[in-house]
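Descriptive structure summary
Read off the chains here:
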Amino acid sequence: MTEKSVVLVTGSLGLVGIAAVRKFADLGFDVIGIDNDLRSKLFGAQASNAKKRPTLEATCPGYVHHDLDIRDDTAIDALFGRVGHALGAVVHTAAQPSHDWAATDPKTDFGINATATLSLLEACRAHAPNAPFLFTSTNKVYGARPNLLPLSEHDTRLEPPTDHPFFEHGIDETMSIDQTQHSLFGVSKVAADLMVQEYADRFDLQTAVFRAGCLTGEDHSGAKAHGFLSYLCKSALAGDSYELIGNCGKQVRDNLHADDLAEAFARVVQGGVRKGVYNMGGGRLGAVSVIEALDLAQDILGREVARQHNPQPRYGDHMWWISDTRAFQSDYPGWAP
């Protein structure tokens with residue numbers, strides 16, 4: 001382990017975590033991963049990421065895995081105490097990611113998303129205060145605010161007027177996160193998001209917050225409660241009927257490949273940061289409605305994909321989200337989805 005040669009990644013067996021591990025390993029960093037496959041306990045065995053660990057260890061030289069729970073303050077502080085002198089960055093991707101699941105156990109959701117983030121920040125402040133701390137937040141910090149946009153229904157999607165300031169580039173960071181309904185998941189991520197920002201202001205940590213829309217990639221273990229494109233494609237391949245939940249399936253998401261987000265992480269670590277808050281997604285390029293995604297799956301498979309409609313929208317669901325990534329692109333020119 002050489003001085004400042006190590007990147008620590010939480011949630012290292014998840015979609016974004018794996019992409020981050022591979023990216024920093026490719027750049028020559030040793031990588032420490034933290035992941036105890038809590039996902040399998042939250043969403044069932046089909047959502048487990050444990051099977052990905054041997055491949056990651058075999059293909060990423062210098063990768064060291066720790067089967068730790070990020071809620072274990074003592075274990076986290078001890079790990080940071082051992083490796084903090086060599087940390088070049090902390091990339092925090094671990095989370096409880098589901099609206100629906102959060103409502104079944106709000107205390108656990110808040111413990112994973114908010115309290116554990118605070119513990120990681122404290123460990124970083126104590127043992128690696130000069131290491132950039134990168135946090136994977138979510139567009140759900142904006143709550144139901146995006147649903148106040150003047151949306152019109154088209155054949156396959158909802159859209160704001162073409163002359164609306166968000167139409168071309170999407171929603172930017174000026175949108176308020178206050179005075180709006182949030183899901184319990186949204187609340188726990190807001191708490192973590194703001195805490196990361198506060199540690200930059202109060203304790204001079206170098207932090208970057210990435211408010212991501214839908215993330216995707218071949219390493220996604222999608223489940224019904226979380227993982228839009230992954231779960232949709234698995235359902236289509238299996239010949240299962242896909243449930244359109246609310247808004248006739250016309251709700252729009254912008255999708256970003258996890259490798260593109262990992263590239264953004266790398267640019268921050270290599271280029272430096274004081275305090276950044278960025279909406280991150282695929283923009284217009286990656287925007288698709290649920291029924292458009294189903295139609296694309298049909299085209300690829302060459303057969304119809306069965307679908308059913310549940311008219312009741314998910315609590316806190318966005319009717320239209322496209323991320324405006326220009327703030328990040330201004331700070332780190334050359335990045336694009």
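Heads up: the structure comes first, above all this text.
Attention shifts here to the packing of helix α6 (residues 106-127) against helix α7 (residues 184-203). One way to put it is that α6 packs onto α7 with a least axis distance of 8 Å and a crossing angle of 15°. Our classification of the angle between α6 and α7 gives roughly parallel. Taken as a pair, α6 and α7 cross one another with a handedness that is right-handed. In contact with Pro106, Asp109, Phe110, Asn113, Ala114, Thr117, Leu118, Leu121, Glu122 and Arg125 of α6, α7 contributes Leu184, Phe185, Ser188, Lys189, Ala191, Ala192, Met195, Val196, Tyr199 and Phe203.

Let's shift gears to the sheet that holds strand β13 (residues 287-289). Taken together, the three strands give an open sheet; going across it, the order is β9-β11-β13, and neighbouring strands pair in mixed fashion. The open sheet is flanked by β9 (214-216) and β13, the only strands paired with a single partner. When strand polarity is set aside, the average angle formed by the axes of neighbouring strands in this sheet is 45°. One ladder, built from three bridges, connects strand β11 (residues 252-257) with β13; its direction is antiparallel. Bridge pairing links Asp254 to Ala287 in β13.

In terms of nonpolar packing, the biggest core is built from 38 residues, with Phe24, Phe210, Phe265 and Phe328 touching the most fellow members. Every residue in contact with Phe328, bar those within four places of it in the chain, is listed here: Phe210, Ala264, Val268, Tyr278, Met280 and Trp335. With 36 residues, the next largest nonpolar core counts Leu79, Phe80, Val90 and Cys124 among its residues.

The rules behind each value
Residues numbered from 1 in each chain as written. Predicted model: local features only at pLDDT ≥ 70, side-chain atom pairs only at ≥ 80, totals over all residues. Heavy atoms only, no water. Axes fitted to C-alpha atoms, helices over the stretch in contact; angles between N-to-C directions. Helix = DSSP H or I, 4+ residues; strand = E, 2+ residues; numbered from the N terminus. Parallel < 35°, antiparallel > 145°, perpendicular 65-115°, else oblique. Left-handed = near helix turned anticlockwise from the far one by under 90°. Contact = heavy atoms within 4.5 Å. Pairing = 2+ DSSP bridges. Core = buried A, V, L, I, M, F, W, Y, C linked by side-chain atoms within 4.5 Å. Buried < 20%, exposed > 50% of the residue type's maximum accessible area, 1.4 Å probe, protein only.

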